[in-house]
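Below are the chains, spelled out letter by letter.
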Amino acid sequence: MGNEASYPKEICSPFDQDEIKRLIRSFKKLDVDKSGTLSVEELMSLPELRNNPLAKRVIDVFDTDGNGEVDFNEFILGISQFSVRGNEEQKLRFAFSIYDIDRDGYISNGELFQVLKMMVGENLKNWQLQQMVDKTIIILDKDGDGKLSFEEFSALVRGLEVHKKLVLTL
């Protein structure tokens, strides 16, 4: 993995040197098979992810190249979304990407249903959840295209101050 000075500044920017060193140690500790990447199973050993219904989505978002594993650069970029020094826009884009499963820049009715289903599990019947999704799309879809853009999503989420809740202390 090399020296922390060898990582591009844009990857490490929200972190100070001590935090980078701790992240390197954490990454190495999680990398049980010493492959240099983290599998879904290795990442799921984190207590913060283990009981989170959206854990697989978070891992998918971290895995920017889509190869099924998270390398150190992806790990740092992903974790940076939770830095106290991370900016609101970045955090909102991360939250948006949880819902934008196909990464096309929009949240479709089906994507919203899938993510909310992960969150509510069997607490709602599918038809109840679908009604909720349909109403949400109707209310938030200002341009009437049947899906939510980042701007439409962030108009709601910004007011909820979600970015202040997306914080992890290192």
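Let me sum up the structure you'll find in this document. (Residues numbered from 1 in each chain as written. Predicted model: local features only at pLDDT ≥ 70, side-chain atom pairs only at ≥ 80, totals over all residues. Heavy atoms only, no water.)

1. Digging into the overall build of the chain
Secondary structure summary: the chain contains 10 helices and four strands in total. Counting every position in the chain, which comprises 170 residues, the buried fraction comes to 41%. Considering only residue pairs separated by 6 or more positions, the chain has 55% of its internal contacts joining residues 24 or more positions apart. Surface summary for the chain: the accessible area is close to 9700 Å², and the carbon and sulfur share equals 55%. (Helix = DSSP H or I, 4+ residues; strand = E, 2+ residues; numbered from the N terminus. Buried < 20%, exposed > 50% of the residue type's maximum accessible area, 1.4 Å probe, protein only. Contact = heavy atoms within 4.5 Å. Areas by Shrake-Rupley, 256 points an atom, 1.4 Å probe, with all protein chains shown as cover.)

2. Section: the pattern of salt bridges
In this structure the tally under the stated criterion is three salt bridges. For Arg93, the salt bridge identified is with Glu89, shortest N-O distance 3.2 Å. Here Arg93 and its partner Glu89 are both found in helix H7 (residues 88–99), four residues apart, which amounts to about one turn of the helix. The exposure class assigned to Glu89 is partly exposed, which follows from its relative accessible area of 33%. When the shortest N-O distance is used, the salt bridge between Glu122 and Lys117 registers 3.8 Å. (Salt bridge = Lys/Arg side-chain N within 4 Å of Asp/Glu carboxyl O.)

3. As for the layout of surface pockets
Estimates place the volume of the second largest pocket at around 290 Å³. Along the walls of the second largest pocket sit 16 residues, with Val61, Thr64, Arg93, Phe94 and Ser97 positioned nearest its centre. Going through the elements one at a time, helix H5 (55–62), helix H6 (72–80) and H7 are the ones with two or more residues in the lining of the second largest pocket. Per element, the largest residue contribution to the lining of the second largest pocket is five residues, and it comes from H7. Here the lining of the second largest pocket is composed, by residue class, of five nonpolar, five polar and six charged. Summarising the domain contributions, the lining of the second largest pocket has at least three residues from each of domain 1 (17–81) and domain 2 (88–164). (1 Å grid on protein atoms, 1.4 Å probe; cavity = no way out; pocket = protein on both sides within 12 Å on 5 of 7 lines; lining within 4 Å. Points joined across faces, edges and corners; volume = space filled by probe spheres on them. Nonpolar A, V, L, I, M, F, W, Y, C, P; charged D, E, K, R; others polar. Domains from an automatic or database assignment.)

4. Thoughts on the packing of helix H8 (residues 109–120) against helix H9 (residues 126–140)
Relative placement of two packed helices is described by the angle separating their axes and the distance separating the axes. Viewed as axis vectors pointing N to C, H8 and H9 meet at an angle of 130°, and their least axial separation amounts to 10 Å. By the criterion of interaxial angle, the relationship of H8 to H9 is oblique. Both H8 and H9 take part in a crossing whose hand is right-handed. Mapping the contact onto sequence places Asn109, Leu112, Phe113, Leu116, Lys117 and Val120 in H8 and Asn126, Leu129, Gln130, Met132, Val133, Asp134, Thr136 and Ile137 in H9. In terms of residue class, the contact of H8 with H9 is built from eight nonpolar, four polar and two charged. (Axes fitted to C-alpha atoms, helices over the stretch in contact; angles between N-to-C directions. Parallel < 35°, antiparallel > 145°, perpendicular 65-115°, else oblique. Left-handed = near helix turned anticlockwise from the far one by under 90°.)

5. Re the side chain of Thr37
Locating Thr37 in the fold gives a position in strand S1 (residues 37–38). Under the relative-accessibility criterion, Thr37 is labelled buried at 15%. Here the side chain of Thr37 touches Glu69 through a polar contact of 2.7 Å, side chain to side chain. Apart from the residues within four sequence positions on either side, Thr37 is in contact with Phe27, Asp31, Glu42, Glu69, Val70 and Asp71. (Polar contact = N/O pair within 3.5 Å; in protein donor to acceptor, adjacent residues only side chain to side chain.)

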